[in-house]
Amino acid sequence: MHERKTALVTGANRGIGFEICRQLARLEWRVLLTARDVGAGTVACERLTREGGDVTFQPLDVTDVEAVGRIRGYVEQVLGRLDVLVNNAGISLERGMNPTEVDIRTVRATMDTNLFGPWMLSLALIPIMKKSGRSRIVMVSSGLGSFSKLMGDRPAYRVSKTALNALTVILADELRAANIQVNAMTPGRVRTQLGGIDASRSVKKGAETAVWLATLEDAGPTGKFFKDQQEFPW
Ligand code: NAP
């Protein structure tokens, strides 16, 4: 059995997901970098391998039931263990729209990627994670989903992240007994395709709290929401 701690990160061909892989690899974790685009995922993986990381790539579209089944098989048969799942993949399709303007198909597509994807992947991988004895699930959420700060713009994105936060709490409640810590985090506004070029934060900064949650001590928190390693209001 491979002794290195092992993490799976979704949507990791670019942006915050890629940087989470890089930071975990630098901590000498074994990283399974996943992405829906095989070409982009392979290039991203090669980049981190060249930097000295123990990183492998597998294709994964988080909305694809069969792909989730395949990744479960890969983790079980090839890796043999999983200590951390980082649900990072996310989309935001409706900038500048109000709740009364948004197309319900956009809402469904957003929920598919930002909520049902993480949920489906968690269901598939938790049985394997339970075997590691102490594992963590990190939900890359958003301050825009904080219930206390909800507003009318980006309705689908906001609701998907509010729901992801709720999923965090209910999973954490069930999995506490299995020593699986489940936490959500917001990276703040980060310079990525999703965050925009005028965002104030680097991907390095945006990834840090997710990596901190991935590497928490056993006595660490569960069922909480964080920004910059501090609790953030739901
Ligand atoms: P990004 O650069 O646009 O990256 C998003 C990643 O998600 C890409 O790798 C994308 O793959 C992937 N993805 C989208 N749909 C997918 C699917 N169905 N299956 C697998 N992968 C999929 O954005 P980012 O800023 O790094 O976003 C990462 C996370 O941070 C998201 O959950 C986002 O909501 C959250 N976040 C970001 C900010 C910010 O300011 N940037 C703020 C708050 C929260 P493709 O390359 O194939 O499209």
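Note: the structure precedes this text.
Calculation criteria
Residues numbered from 1 in each chain as written. Predicted model: local features only at pLDDT ≥ 70, side-chain atom pairs only at ≥ 80, totals over all residues. Heavy atoms only, no water. Salt bridge = Lys/Arg side-chain N within 4 Å of Asp/Glu carboxyl O. Buried < 20%, exposed > 50% of the residue type's maximum accessible area, 1.4 Å probe, protein only. Helix = DSSP H or I, 4+ residues; strand = E, 2+ residues; numbered from the N terminus. Right-handed = clockwise from strand over helix to strand, strands pointing away. Pairing = 2+ DSSP bridges.

Right, let's get into the pattern of salt bridges. One pass over the structure, following the stated rule, counts 15 salt bridges. A salt bridge links Arg-81 to Asp-83; its shortest N-O distance comes to 2.8 Å. The class for Asp-83 is buried, based on a relative accessible area of 2%. With a shortest N-O distance of 4.0 Å, Asp-228 and Lys-205 are connected by a salt bridge.

As a general feature of sheets, a regular strand has side chains that alternate between the two faces. For strand E5 (residues 135–140), the buried fraction is high: six of the six residues fall into the buried class. A two-sided burial pattern is seen for E5, the buried positions comprising Ser-135, Ile-137 and Met-139 on one face and Arg-136, Val-138 and Val-140 on the other. The handedness of the strand E4 (residues 84–87) to E5 crossover, carried by helix H4 (residues 104–132), is right-handed. Here six bridges tie E5 to strand E6 (residues 180–185), and the two strands are oriented parallel to one another. Opposite Val-138, over in E6, you have Asn-183 as the bridge partner. Once you follow E5 into helix H5 (residues 155–175) and on to E6, the crossover reads as right-handed.

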